[in-house]
Amino acid sequence: MVAPVQTLVPAHDGPWTIDDVLRLPDDRGQRIELVDGALVVSPAGRMRHQRLVGKLFTQLSAAAPSDVEVTLDINVRLAEDRLLIPDLTIMRCPGADFLMVPAAELLMAVEVVSPSSRTYDRVTKRHLYAESGIPYYLLVDPTDAGLLLRAYQLVQGRYKELASGNDGILDLEQPFEVSLRLG
Amino acid sequence: MANSVDQDIALLEHSLAIPYHPHPWTLDEVLALGDEQGLRVELCDGMLHVGPTPSRRHQRLLGRLMVAIDQVLPRELELLPAVNVLLSDSRLVVPDLSVNVEPGGTGAYVPAEQVALVVEVLSASSRLYDTGLKRQVYADAGIKHYLLVDPDAASATLLELDFGEYSEVNRSAGGILYLTDPFTAELDLRG
């Protein structure tokens, strides 16, 4: 498959829509998300990022009960003008086939931080996932001080830290039991 | 499916063209992209934020603020709408208004050290961004004053930076903001 030379997004007055973004051709070089009608364009993850995503997918899938599904890179509709693409999600409806999943179907959103996305993942995305009521948020952050994992649980509309670990190690009991070893 | 050349041209003329770019965006690339397409393109650590065209209501209030500030602004300060402000070598934002301490500059951007005040007029599209991530990156860059104006509530809040964090130091009352820092002004936000 040949990569597009450019991605054309229809220009019109006012905010961009979910429809605008869903119509974009697959661009594996970057991710285009929609936040309150603005476009957010971020580069695709480099090898270290992808490697971590792969390990998370393997370990979460192995531990997941049969009534949930772990997926990669799906479109999640948070609101009429909010479309995000979490690195991984844990969804309630295994085997379903949607172009876009409503936030209500998500148990957990997982983001692996890259240098380009640190502030966005920790500030904006966290807020957006909390606002749409996603019960759990897992942030995986390869800092200079080590591979930090932080799991959050939604409590009265805000994320409170549920568990955290250094060196890529984290044991969770929610939303299901899993021992993450990402080092 | 092949398009005719005419259709391709039409699509190009009426679209935002995001180049294939599987790497973090750089300052130079973002400056070029924003200029070419006349859109508000901001950069945060390699990610782009492309804002939609602002609403008439947003522009109306912004226009009135500009006139009011311009009338009272001391000569050693300069008011500019929608210029690039460089917060770091990987962060570029476009505040609705910025008040700068070195009038007459001609570069592609104003460096953060020269900015005394940034003003953002909130809209449905920008509210989260202006109160969240933008607030953080302005603080990181040491911009002393950040004025957030809410047209829906006809209210404004002035934040001042102290030890790296913003705190609220002034708030409008009855739709009017009495500003004393970094200059004196009475700003009517109503209507």
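Residues numbered from 1 in each chain as written. Chains lettered and ligands numbered in written order. Predicted model: local features only at pLDDT ≥ 70, side-chain atom pairs only at ≥ 80, totals over all residues. Heavy atoms only, no water.

## Focus: the overall build of chain B
A count of helical and extended segments in chain B gives five helices and 14 strands. In summary, chain B has a C-alpha radius of gyration of 18 Å against a globular reference of 16 Å for 191 residues, a match within 12%. Each principal axis of the C-alpha atoms in chain B carries an extent, and together these give about 60 × 35 × 30 Å. The proportion of buried residues among the 191 residues of chain B is 50%. Within chain B, contacts between residues separated by at least 24 positions form 47% of all contacts whose residues are at least 6 apart in sequence. On chain B, roughly 9400 Å² of surface is accessible, and the fraction owed to carbon and sulfur atoms is 51%. Here chain B contributes 13 positively and 28 negatively charged side chains, and the mean placements of these two sets differ by 11 Å. (Helix = DSSP H or I, 4+ residues; strand = E, 2+ residues; numbered from the N terminus. Rg over C-alpha atoms; globule rule 2.2 N^0.38 Å. Buried < 20%, exposed > 50% of the residue type's maximum accessible area, 1.4 Å probe, protein only. Contact = heavy atoms within 4.5 Å. Areas by Shrake-Rupley, 256 points an atom, 1.4 Å probe, with all protein chains shown as cover. Lys, Arg positive; Asp, Glu negative; His and termini not counted. Charge placed at Lys NZ, Arg CZ, Asp CG, Glu CD.)

## As for the interface of chain A and chain B
Reports of interface size often rely on the accessible area that becomes lost once the parts have come together. Every contact between the two is made by 37 residues of chain A and, on the other side, 32 residues of chain B. For the pair chain A and chain B, the summed buried surface comes to about 2800 Å²; carbon and sulfur atoms form 62% of the total. Contact with chain B buries area across many residues of chain A, yet L8, V41 and T119 of chain A alone supply 19% of it, more than any other trio. Taken together, chain A and chain B are joined by eight residue pairs in polar contact (both at pLDDT 80 or more). Looking at the side of chain A that touches chain B, the elements that each hand over two or more residues are strand 1 (6-10), strand 2 (30-35), strand 3 (38-43) and helix 3 (118-131) of chain A. Looking at chain direction, strand 1 of chain A and strand 1 (residues 15-19) of chain B are connected through five bridges and run antiparallel. The partner of L8 of chain A across the bridge, within strand 1 of chain B, is A17 of chain B. (Buried area = accessible area lost by both parts, 1.4 Å probe. Polar contact = N/O pair within 3.5 Å; in protein donor to acceptor, adjacent residues only side chain to side chain. Pairing = 2+ DSSP bridges.)

## Describing the layout of surface pockets
All names here are of chain A. Within this model, the largest pocket holds a volume of roughly 620 Å³. Looking at the lining of the largest pocket, the elements that each hand over two or more residues are helix 1 (18-22) and strand 2. Of all the elements, strand 2 adds the most residues to the lining of the largest pocket, at three residues. The residue makeup of the lining of the largest pocket, split by class, is nine nonpolar, four polar and five charged. (1 Å grid on protein atoms, 1.4 Å probe; cavity = no way out; pocket = protein on both sides within 12 Å on 5 of 7 lines; lining within 4 Å. Points joined across faces, edges and corners; volume = space filled by probe spheres on them. Nonpolar A, V, L, I, M, F, W, Y, C, P; charged D, E, K, R; others polar.)

## Description of the environment of R51 of chain A
Summarising the element assignment, R51 of chain A is placed in helix 2 (residues 47-63). For R51 of chain A and E177 of chain A, which are 126 residues apart along the polypeptide, the C-alpha to C-alpha distance reads 22 Å.

## Let's talk about the nonpolar core
With 44 residues, the main nonpolar core has L78 and Y129 of chain A together with L87, Y138, I143 and Y166 of chain B as its most contacted residues. Once you skip the residues sitting within four places of it in the chain, I143 of chain B turns out to touch V85, L87, A112, V115, V118, Y138, L161 and Y166 of chain B. Among the nonpolar cores identified, the runner-up in size contains 26 residues, and Y136, L138, V140 and L182 of chain A belong to it. (Core = buried A, V, L, I, M, F, W, Y, C linked by side-chain atoms within 4.5 Å.)

## A look at the pattern of salt bridges
Residue and element names in this part refer to chain B. By the definition in use, this model includes 20 salt bridges over all chains. In this structure, D45 engages R91 in a salt bridge whose closest nitrogen and oxygen atoms are separated by 3.0 Å. Of this pair, D45 sits in the loop between strand 2 (40-44) and strand 3 (47-51) while R91 sits in strand 6 (residues 91-93), and the two are 46 residues apart along the sequence. The class for R91 is buried, based on a relative accessible area of 13%. Put simply, R57, R127, D150 and D152 are held in one network by salt bridges that share partners. (Salt bridge = Lys/Arg side-chain N within 4 Å of Asp/Glu carboxyl O.)

## Observations concerning helix 3 (residues 56-72) of chain B
Each turn of an α-helix holds 3.6 residues, which means side chains three or four residues apart point in the same direction. Residues and elements named next belong to chain B. Taking 1.5 Å per residue, 17 residues should reach 24 Å; helix 3 reaches 25 Å between its end C-alpha atoms and fits that length. Among all positions in helix 3, only H58, L61, L62, L65 and I69 are buried. The buried residues of helix 3 occupy one face: seen down the axis, they fall within an arc of 100°. Seen from the open side of helix 3, the exposed residues pointing more than 90 degrees away from its buried face are R56, R60, V67, D70 and Q71. As for helix 3, its buried residues are in contact with strand 4 (78-81), strand 7 (97-100), strand 9 (115-121), strand 10 (145-150) and strand 14 (185-188). (Expected span 1.5 Å × (residues − 1). Arc of directions from axis to C-beta.)

## Brief notes about unusual backbone geometry
Note the cis peptide between Q174 of chain A and P175 of chain A, where omega equals -10°. Along the polypeptide, P175 of chain A turns up in the loop between strand 13 (169-172) and strand 14 (178-181). Omega for the peptide link from D181 of chain B to P182 of chain B comes to 5°, which places this bond in the cis form. By the element assignment, P182 of chain B lies in the loop between strand 13 (176-179) and strand 14. Although it is not a glycine, D167 of chain A sits at a positive phi angle of roughly 55°. As for its placement among the helices and strands, D167 of chain A is situated in the loop between strand 12 (158-165) and strand 13.

## Description of the sheet that holds strand 10 of chain B
All names here are of chain B. Strand order in the open sheet formed by six strands is 4-7-9-10-11-12, and the pairing between neighbours is mixed. At either end of the open sheet lies a strand with only one pairing partner, and these are strand 4 and strand 12 (165-171). Within this sheet the neighbouring strands show an average axis-to-axis angle of 20°, counted without direction. With six bridges connecting them, strand 10 and strand 11 (residues 155-162) associate as antiparallel partners. Looking across to strand 11, one finds that L147 is bridged to L158. Its contacts with the sheet place helix 3 against strand 4, strand 7, strand 9 and strand 10, and it is angled at close to 150° to strand 9. (Axes fitted to C-alpha atoms, helices over the stretch in contact; angles between N-to-C directions.)

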